[in-house]
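Commentary on secondary and tertiary structure
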Amino acid sequence: MNDAVTLDHRELGRDMRIFESSPLVGPGLPLWLPAGAAVRYELEQYAREVALRTGCEPVYSPVLGKRSLFERSGHWAKFADDMFPPMVIDGAGPDADPLVLRPANCPHHAQIYASEPRSYRDLPVRYSELAPMFRAERSGVLSGLSRVRQINLDDAHVFCRPDQVADEVRVALSAVLEVLDTLGIEVLYLRLSGRDDSGRWLGAPEQWAAAEEALRAVLAELAAPAGLDWHAEPGEAAFYGPKIDVQVLDARGHEETLATVQLDFNQPERFDLTYVAASGARERVVMIHRGTVGAMERMVAFLLERHAGRLPFWLAPVQVCLLPVADRPAAAGQGEGQGDGQGVGSLVVDRVDELAADLRARGLRVRVEREGSLGNRIRLARKSRDALLGVLGPREIEAGVLAVTDPGSGVKTSVPLSALGDRLAEAARRRSARVVW
Ligand SMILES: [Zn+2]
């Protein structure tokens, strides 16, 4: 059997039943099938956990906002072409200003910050939200999960004093590096995008100099111990603040930016976001945009391609595919055509059902494949990139083991049934890439 290696997430997505599109729902609006939802759910849980652990408070905000919110934020002037057309509810009164689907979550979070007065002692304030934003992409550029019209983003915004920038960036960047490591994504290098001598930057030169100094200090501190290179690129910053980009290679060897820690001097100006300093004066807050997993669509597409469908164990849509078999000649092993599902005795069927129920009760994702020849069933399980295949027949029951194959590494091993559940649950809990027996 020959698994053709594809690096296209759309093909992998079809084989693994990750997502589908429907002409009735529309292009660029993928439907997450159960296998894809399992991956996304794990990523969301992880992103939420890391956000909480790094001091964020979860918030919820609506996907709609008045057009004037985005005029104020500057999105309307810059991105109106990429936004869905405004919706007019009622041409008069408070609804005279039409609603738009948001192109970013930041303005809503800025309004949450602005909902109460802040003292220098209250800062930093960190809000996180995993929520959709929208892009009116032209149908010609839409593609699988990588170019879509609704993007579900793991997003966090920090509001802090200028003297807190270094600490906040350190926390944000450490979180990104940890998450990429857990996802099995190697970082190529880190890049500080700063200002040059042109006058196109928003904010005071001293503010920029201090912020860039803080970012450099964090890079100098974090990069070397992680074995990473970093460099500065003057003039590459966004006009509203310097940033650190985390660069990676995609499955085809192309460099891309997978995460960014972005300082923002613009939104606090536009929304007049302040705090009361120790002196009693109102000071401008600094906003930092950060996330870890980022856009669910993009990350799942990236991971599928990066791992050629063989996702880390904790993310795999099916972690164990159980294959009940009839008795078979001792020498035949798990060869093709052996152990036809038809001849499986009720003892084996009961034992497989029990085992599946036990593993599911531990939170593991299990499928039982009963129909057809063993060879065919193994082929199906490989096609859907199930993390582990477990064969159970009279011989295994007799020996109290499951015959486990890891199709990713090719490793075959007999695992005692008494230890199986604990080992698998532990690997999932630790977010392990592979189960080590
Ligand atoms: Zn943001």
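So, on to the sheet that holds strand S10 (residues 243-249). The strand order across the open sheet built from 8 strands is S3-S6-S7-S14-S11-S10-S8-S9, with neighbouring strands paired in mixed fashion. Each of the sheet's edge strands pairs with one partner strand only, and the pair in question is strand S3 (57-58) and strand S9 (230-234). Summarising the sheet, strand S8 (residues 187-194) and S9 pair through 5 bridges and their orientation is parallel. Among the inter-strand pairings, Gly194 is bridged to a residue of S9, identified as Pro234.

What the domain assignment reports for the chain is domain 1 (9-63 + 102-306) and domain 2 (313-429). Put simply, the middle of domain 1 and the middle of domain 2, counted by C-alpha atoms, are 40 Å apart. Listed by partner, the interface residues are 7 residues for domain 1 and 7 residues for domain 2. By residue number, the principal contributor to the side of domain 1 that touches domain 2 is helix H2 (residues 34-53), which donates 4 residues. Residues of the side of domain 1 that touches domain 2, tallied by class, amount to 4 nonpolar, no polar and 3 charged.

What sets the pattern is the α-helix's 3.6 residues per turn: residues three or four places apart point alike. For H2, with 20 residues, the first-to-last C-alpha span of 28 Å sits near the 28 Å given by 1.5 Å per residue. Turning to H2, its buried residues are Ala35, Gly36, Val39, Arg40, Glu42, Leu43, Ala47, Val50 and Ala51. What you see down the axis of H2 is that its buried residues fit within an arc of 165°, all on one side. Seen from the buried face of H2, the exposed residues on the opposite side, beyond 90 degrees, are Pro34, Gln45, Glu49, Leu52 and Arg53. The positive-phi residue at the C-terminal boundary of H2 is Gly55, with phi of around 90°.

Between H2 and helix H9 (residues 296-306), the shortest axis-to-axis distance is 11 Å and the interhelical angle comes to 110°. Our classification of the angle between H2 and H9 gives roughly perpendicular. Considering only the axes of H2 and H9, their crossing is right-handed. Of H9, the residues touching H2 (which contributes Gly36, Val39, Arg40 and Leu43) are Met296, Met299 and Val300. Residues belonging to the contact of H2 with H9 are distributed by class as follows: 5 nonpolar, 1 polar and 1 charged.

Right, let's get into the sheet that holds strand S18 (residues 401-405). Pairing is mixed in the open sheet, where 5 strands are placed in the order S16-S15-S17-S18-S19. Strands with a single pairing partner mark the edges of an open sheet, and in this sheet they are strand S16 (366-368) and strand S19 (412-416). Taken pair by pair, the neighbouring strands of this sheet meet at an average axis angle of 25°, ignoring direction. Note: strand S17 (residues 388-392) against S18, 3 bridges, orientation antiparallel. For Leu389, the partnering residue across the bridge sits in S18 and is Thr405. With respect to the sheet, helix H13 (residues 417-429) is in contact with strand S15 (320-324), S18 and S19, its orientation differing from that of S19 by roughly 105°.

The rules behind these values
Residues numbered from 1 in each chain as written. Predicted model: local features only at pLDDT ≥ 70, side-chain atom pairs only at ≥ 80, totals over all residues. Pairing = 2+ DSSP bridges. Helix = DSSP H or I, 4+ residues; strand = E, 2+ residues; numbered from the N terminus. Domains from an automatic or database assignment. Contact = placed C-beta atoms within 7 Å. Nonpolar A, V, L, I, M, F, W, Y, C, P; charged D, E, K, R; others polar. Expected span 1.5 Å × (residues − 1). Buried ≥ 20, exposed ≤ 12 C-beta atoms within 10 Å, placed from the backbone. Arc of directions from axis to C-beta. Axes fitted to C-alpha atoms, helices over the stretch in contact; angles between N-to-C directions. Parallel < 35°, antiparallel > 145°, perpendicular 65-115°, else oblique. Left-handed = near helix turned anticlockwise from the far one by under 90°.

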